[in-house]
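Now for the letters of each chain:
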Amino acid sequence: MYDEKFKESLKAVEAARDENIAYEPARMTADEKDQLLAAYHPDYKKSEFSTLRIGPNKGEQVPHELAEMLEAHSRIAASDISLDDVKYDVDVLIIGGGGAGASAAIEADNAGANVLVVTKLRMGDANTMMAEGGIQAADKPNDSPAIHFVDAFGGGHYAAKRELLAKLVCDAPEAIQWLSGLGVEFDKTPDGTMITTHGGGTSRKRMHAAKDYSGAEIMRTLRDEVLNRGIPVVDFTSAIELILDENGKAAGAVLMNMETHELMVARAKTVILATGGAGRMHYQGFPTSNHYGATADGLVLGYRVGAKLLYADTLQYHPTGAAFPQQIFGALVTEKVRSLGAKLVNRDGKVFMHPLETRDVAAASIIRECSDRKEGVDTGDGKAVWLDTPMIEKIGGEGTIEKRIPAMMRMFASYGIDIRREPILVYPTLHYQNGGLDINVDGMSTTVENLFVAGEAVGGIHGRNRLMGNSLLDIIVFGRNAGQNAAATASKTTVGKLTLEHINRFDKEREDAGIKTDAVSPKLLPDYRRK
Amino acid sequence: MENMVQIYLFGKQYTVPDNLTIMRAMEYAGYQLVRGCGCRNGFCGACATIYRIKGDRELKTCLACQTKVENNMYVATLPFFPLVKQVYDIEKIKPTEQIMMQLYPEIYACVGCNACTKSCTQGLNVMQYIAYAQRGEYDKCAEESFDCVMCGVCSSRCPAGISHPQVAMLARRLNGKYLAPKCGHLEDRVKEIKDGTFTELIEALMGKPVEELKELYNNRDIEK
């Protein structure tokens, strides 16, 4: 329900609606985009970044909040735990129970490996569960993996590691087939044709969806499959330190029961970090669309044992986070809303950009509208722009919203806003960690042997910006890949003597650099108490 | 000025701003949540909650992350509910009526009280989708249950001991794998990729200088 203060602006939006539906705004040129990003995108705000003083990426810039965690103390001293007292002894240890971890677990199990999944919350408490819009795959006759490659490479500012991106696009159709075979319900026409739409920056309609519960549908199916296979999942248990063997290869982790704080040792022939993103670090004070446990743990765990990061200075701010009401501030409003025809409109009812620019460009454009151009709507908690959802019903016919984006309709209805009849207020929200740990095409860290990484914790697949629908794709493609390769490597591996010597090494490096800090990491969970 | 309300977390009284969700109110009161908190956006079902407004006979259910506090609200969270999850091999089972009979026979003990539907935090017609499952109409069960977040509240209220979310999960997988129409263009494309149809194209892209790729990207034709 919108009160008096929104009335005037709402009227302007309604009055211009028919005209705005017909209006086709121009897309920005490459130069316009570059200038816009440099002036308004949070990644370009130099004062928000620190230079790393220690570790494999010493000298590089990352957000202040991440630098603090990367340079912090371990939660334990090497002497706090006996590495001879092994609680779990497995072939493949998977840290993280989201889409990448689950995909890896299924494939490693397929390959005959003895697998253990640990997750600090429950299996499925992950950003995968919250991905709404869809998953890309070039499987239509007018499309090809090559076109998908160009879309993603350009959208990511030509920074993606090409061999990773090539794998992503070439394995995409098979990923969809694999999910279908597990029983994931994609939206299809009665003859079996996939219903696909555009996402920001795509040149073909290749976004496959399961209504606007795409990630939830994938995640619950993968979780069900993991349980059916009897793969052990230890929940409410975090990894707080990786363990190497005497040869410097990843060989397990120190685990902590999140409720009792008991420490345990897991020994493994290979380790897969599938710990997800970092929205709950609240970089630059942004709200986030991420789940409760998105605190960059994998980056910290990997960094301390010498795994290199790539593009850890680039984050994705989803252009359309909910800006009103306050209870859902920062929650994701899926890009699919724009795929279905809703346009972004400013305070005066004017369409100020093409609705399907890439996410970084769209976010910067909204920030410009709300700052220098002074065309934002005042919500009481800040500025925002309108996303004119009633356009969808006018374009697609009545009932389109209920059928295609039921989760959005439900989320706003809880607060008395009927998105079929009223537009919604949006502002960018911290959404995705573009960067992460650097891997080779087999999924292994470029610098630490037998340490595999999959999902949002990886950097380099998407470059410096990710297209909608390429993340659900990446967790499946690279999750499966990591599972297969970690199992294969495990079958050839004999683990040497376990050691936590790296903690002392890292402590010394910190001391030598003159860094004084009380911080400990990984963060594990954000602290919202008394706030 | 914030308006404050009295709420009771597990029976203990706290004063919190009235614009908070139950989840945020717990944090405001000083709880560091570990259980009972997942996506914080209504998708994961971690924060199933039961509450009663003082003086009201009715026991209500909700997701703590999606529900605002009210004055005199007595709150108990239900962060875990022991649902029954039967295991099966998705490759071996078939979408017949027998499979429900075999795995979840308790659904036939439904007494029709509709407590599941009344308690659903997503407002789904739970009893109806169980009826579809009983009749082996898995496509309908899948559609009716699609928005389920598996919070388990329905099962906590069921006198017949049915694990509704797991029944629906099975129905959706059966529907997705066996009943939904097969996708021809997907199968064709997977085969083309395996046959190497695009290998040369991709390799050419991998080898191109960035300037050429910029040209390609900036002059793409975009499907209407």
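Throughout this document, residue positions are counted from 1 along each chain, in the order its sequence is written. Whichever chain is written first is A, and whichever ligand is written first is 1; the rest continue in order. In keeping with the model being predicted, local features are shown solely for residues with a pLDDT of at least 70 and side-chain atom pairs are shown and tallied solely at 80 or more, while totals for entire chains, interfaces and linings include all residues.

## A look at the overall build of chain A
So, step 1. The helix count covers DSSP runs of H or I at least four residues long, the strand count covers runs of E at least two residues long, and both are numbered beginning at the N terminus. The secondary structure content of chain A amounts to 17 helices and 23 strands.
So, step 2. In terms of C-alpha radius of gyration, chain A reaches 23 Å, essentially the compact-globule figure of 24 Å for 531 residues.
So, step 3. Seen through its C-alpha atoms, chain A measures out along the principal axes to roughly 70 × 55 × 40 Å.
So, step 4. We call two residues in contact whenever the C-beta atoms placed from their backbones are within 7 Å. In chain A, the share of contacts with a sequence separation of at least 24, taken over all contacts with a separation of at least 6, comes to 75%. For a compact globule the rule gives 2.2 Å times the number of residues to the power 0.38, and the radius of gyration it is set against comes from C-alpha atoms.

## Let's talk about the interface of chain A and chain B
So, step 1. Residue-level contacts link 68 residues of chain A with 60 residues of chain B.
So, step 2. When contributions to the side of chain A that touches chain B are tallied by element, the ones reaching two or more residues are helix H5 (127-130), helix H6 (145-155), helix H7 (162-170), helix H8 (172-182), helix H9 (214-228) and helix H15 (406-413) of chain A.
So, step 3. Partitioned by chemical class, the residues of the side of chain A that touches chain B number 30 nonpolar, 18 polar and 20 charged. For this classification, the nonpolar set comprises Ala, Val, Leu, Ile, Met, Phe, Trp, Tyr, Cys and Pro, the charged set comprises Asp, Glu, Lys and Arg, and every other residue, Gly included, is treated as polar.

## Observations regarding the domain arrangement of chain A
Residue and element names in this part refer to chain A.
So, step 1. Domain parsing of chain A yields domain 1 (4-40 + 318-430) and domain 2 (74-128 + 140-172 + 229-314 + 434-502).
So, step 2. Each of domain 1 and domain 2 has a C-alpha centre, and these two points are 34 Å apart.
So, step 3. Each partner contributes residues to the interface: domain 1 has twelve residues there, and domain 2 has eleven residues.
So, step 4. Where the side of domain 1 that touches domain 2 is concerned, the elements lending two or more residues are strand E14 (315-322), helix H12 (359-370) and strand E18 (424-433).
So, step 5. The residue makeup of the side of domain 1 that touches domain 2, split by class, is four nonpolar, five polar and three charged. Throughout, the edges of the domains are those of an automatic or database domain assignment.

## Focus on the domain arrangement of chain B
When the parts of a complex come together, some accessible area is lost, and that lost area is often used as the size of the interface.
So, step 1. In terms of domain boundaries, chain B breaks down into domain 1 (4-77), domain 2 (97-179) and domain 3 (187-218).
So, step 2. Computed from C-alpha atoms alone, the centre-to-centre distance between domain 2 of chain B and domain 3 of chain B is 45 Å.

## Things to note about the sheet that holds strand E19 (residues 436-438) of chain A
Residues and elements named next belong to chain A.
So, step 1. The strand order across the open sheet formed by three strands is E13-E19-E21, and the pairing between neighbours is mixed. At either margin of the open sheet sits one strand with a lone partner, and together these are strand E13 (309-310) and strand E21 (458-459).
So, step 2. What makes two strands pair is DSSP finding at least two bridges between them. Alignment of E13 against E19, held across two bridges, turns out to be antiparallel. Each residue of the ladder has a partner; that of Leu309, found in E19, is Leu437.
So, step 3. Across the sheet, helix H10 (residues 297-304) touches E13 and E19, and the angle it forms with E19 is around 40°. Between N-to-C directions, angles span 0 to 180 degrees; the directions come from axes that are lines fitted to C-alpha atoms, helices contributing only their stretch in contact.

## Concerning the pairing of strand E3 (residues 48-53) of chain B
Residue and element names in this part refer to chain B.
So, step 1. Pairing analysis gives four bridges linking E3 to strand E4 (residues 60-63), with the strands arranged antiparallel. Paired with Ala48 across the two strands is Leu63, which belongs to E4.
So, step 2. The hairpin formed by E3 and E4 contains six residues between the paired strands, and Gly55 there has a positive phi angle of roughly 90°.
So, step 3. In terms of strand pairing, E3 meets strand E5 (residues 73-77) through five bridges, oriented antiparallel.

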